[in-house]
Amino acid sequence: MSDLREGGLGPYGLDGRVAVVTGGSSGVGAASARRLAELGATIVIGYNSGRDRAEALAAELPGSGHFPLHLPMTDSAAIRAGAAEVEARLGRADILVNSAGTTRAVPHADLDAMDDESFDRILITNVRGPFSTIRAFAPLLKRSGDAVVVNISSLAAVNGLGSSIAYCASKAALDTMAMSLARVLGPEIRVIGISPAGVDTQFVPGRSREALLKQASLSPLKTVCQADDVALAVVAAVTHLRLSTGCTLLVDGGRHL
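Residues numbered from 1 in each chain as written. Predicted model: local features only at pLDDT ≥ 70, side-chain atom pairs only at ≥ 80, totals over all residues. Heavy atoms only, no water.

- For the protein, the name recorded in an unreviewed UniProt entry is SDR family oxidoreductase, with Roseomonas marmotae as its organism.
- Among the UniProt annotations of the protein, the heading Sequence similarities (unreviewed entry) holds the following wording: "Belongs to the short-chain dehydrogenases/reductases (SDR) family." (UniProt positions renumbered as here; feature names shortened; annotations may be inferred.)

### Notes on the environment of Val-238
Item 1. Checked against the element boundaries, Val-238 lands in helix 8 (residues 227-239).
Item 2. Separated by 90 residues in sequence, Val-238 and Val-148 place their C-alpha atoms 6.1 Å apart. (Helix = DSSP H or I, 4+ residues; strand = E, 2+ residues; numbered from the N terminus.)

### Digging into the pairing of strand 5 (residues 147-152)
Item 1. Here strand 5 lies mainly inside the structure; six of its six residues are buried.
Item 2. In this sheet, strand 5 lies alongside strand 4 (residues 95-98) in parallel orientation, the contact comprising four bridges. The partner of Val-97 across the bridge, within strand 5, is Val-150. (Buried < 20%, exposed > 50% of the residue type's maximum accessible area, 1.4 Å probe, protein only. Pairing = 2+ DSSP bridges.)

### Digging into the pattern of salt bridges
Item 1. Per the counting criterion, the structure on display carries 10 salt bridges.
Item 2. The closest approach of N and O atoms between Arg-51 and Glu-55, which form a salt bridge, is 2.9 Å. In this pair, Arg-51 and Glu-55 are both assigned in helix 2 (residues 51-60), four residues apart and thus about one turn of the helix distant.
Item 3. Linked by salt bridges that have partners in common, Arg-35, Glu-38 and Asp-228 make up one network. (Salt bridge = Lys/Arg side-chain N within 4 Å of Asp/Glu carboxyl O.)

### Some words on the confidence of the model for the protein
Item 1. Per-residue confidence for the protein gives a mean pLDDT of 91; residues scoring 70 or more make up 91%.
Item 2. Note that pLDDT drops below 50 for residues 1-10; the model gives that stretch 28 contacts with residues more than four away or on any other chain. (pLDDT = per-residue confidence, 0-100. Contact = heavy atoms within 4.5 Å.)

### A few points about the nonpolar core
Buried together is how nonpolar side chains tend to be arranged in soluble globular proteins.
Item 1. Within the largest apolar cluster, 36 residues are counted, with the highest numbers of intra-cluster contacts made by Leu-36, Ile-43, Val-97, Val-150, Ile-152 and Ile-194.
Item 2. With residues near it in sequence (within four places) discarded, Ile-152 still touches Val-28, Val-97, Asn-98, Ser-99, Lys-171, Leu-174, Ile-194, Val-230 and Val-234.
Item 3. If you look at the next biggest cluster of nonpolar residues, it comprises 29 residues, including Val-18, Val-20, Ala-147 and Leu-181. (Core = buried A, V, L, I, M, F, W, Y, C linked by side-chain atoms within 4.5 Å.)

### Concerning helix 3 (residues 76-90)
Item 1. With 15 residues, helix 3 should reach 21 Å at 1.5 Å per residue; the first-to-last C-alpha distance of 21 Å fits that figure.
Item 2. Three or more residues of helix 3 are buried, namely Ala-78, Ile-79, Gly-82, Ala-83 and Val-86. The buried residues of helix 3 occupy one face: seen down the axis, they fall within an arc of 145°. In helix 3, the exposed positions that point more than 90 degrees away from the buried face belong to Ala-77 and Ala-88.
Item 3. Of the surrounding secondary structure, the elements contacted by the buried residues of helix 3 are strand 2 (42-47), strand 3 (67-70) and helix 4 (116-144).
Item 4. Positive phi appears at Gly-91, one or two residues downstream of helix 3, with a value of about 80°. (Expected span 1.5 Å × (residues − 1). Arc of directions from axis to C-beta.)

### Here's the deal with the sheet that holds strand 3
Item 1. Judged by pairing direction, the sheet is parallel, and its seven strands sit side by side in the order 3-2-1-4-5-6-7 without closing on themselves. What marks the edges here is a single partner per strand, and that holds for strand 3 and strand 7 (247-251). If you compare each strand with its neighbour and ignore which way they point, the axes differ by 20° on average.
Item 2. Pairing of strand 1 (residues 18-22) with strand 2 involves four bridges; the strand directions are parallel. Bridge pairing links Val-21 to Ile-45 in strand 2. (Axes fitted to C-alpha atoms, helices over the stretch in contact; angles between N-to-C directions.)

### Quick look at the state of the cysteines
Item 1. Overall, the coordinates contain zero disulfides when judged by the stated rule.
Item 2. Of the cysteine sulfurs around Cys-247, a residue in no disulfide, the closest is that of Cys-225, at 18 Å.
Item 3. Given the relative accessible area of 26%, Cys-247 is considered partly exposed. (Disulfide = S-S within 2.5 Å.)

Set out below in structure tokens:
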């Protein structure tokens with residue numbers, strides 16, 4: 001395996017590496033793109049409907065060669081086409097951050113409010129979508145020889161508390177799937193999950209700042225998680241956790257305790 005510490009921007013630079021970030025046009029994905037670009041990586045900003053945001057982010061990132069790419073989690077054929085475009089334009093992929101996801105706020109006790117269409121959409125986007133993306137990019141990642149897949153999961157996978165029962169189930173499935181994939185994709189590819197508690201973004205429709213503050217007040221560190229906190233964990237998974245795979249790291253201020 002090659003040594004990431006050979007990078008040109010200090011002890012853990014990512015010069016010459018290519019990072020594909022799904023859901024990269026906003027929130028945790030955009031924060032991860034910024035942090036990885038600062039270390040020298042070329043960023044492919046995957047988006048579904050946020051093309052304008054993805055283009056703007058590509059233009060402002062440090063370095064060069066960054067570009068937006070349509071990677072809709074519900075369309076496996078489009079994801080395969082995206083992987084082919086990355087290969088044609090850049091010739092490699094070393095890092096895949098699966099940050100794309102969706103949810104719908106539904107009270108857990110109201111079972112009838114969780115309709116089949118919403119349940120299916122959440123599972124397809126949050127589970128099948130990342131699987132399809134890993135499958136499509138696996139040949140490029142294996143060719144790297146020292147690649148990393150980072151899945152943005154959630155504390156909801158652990159405690160079953162989240163925006164909806166379907167969302168909790170989808171993130172638990174993502175974590176279990178990561179264990180299976182880590183076994184079959186090693187040694188060339190590591191697979192690591194990052195599980196934050198509530199993040200200060202617009203991801204959950206209708207969630208207020210007050211709700212985030214209340215959640216944080218119940219944790220030992222009493223701090224609201226920012227998108228950049230999660231991005232820093234992504235960077236750590238890529239650069240420092242060289243012997244970690246098939247595991248999920250909590251970035252929750254101790255909320256699980």
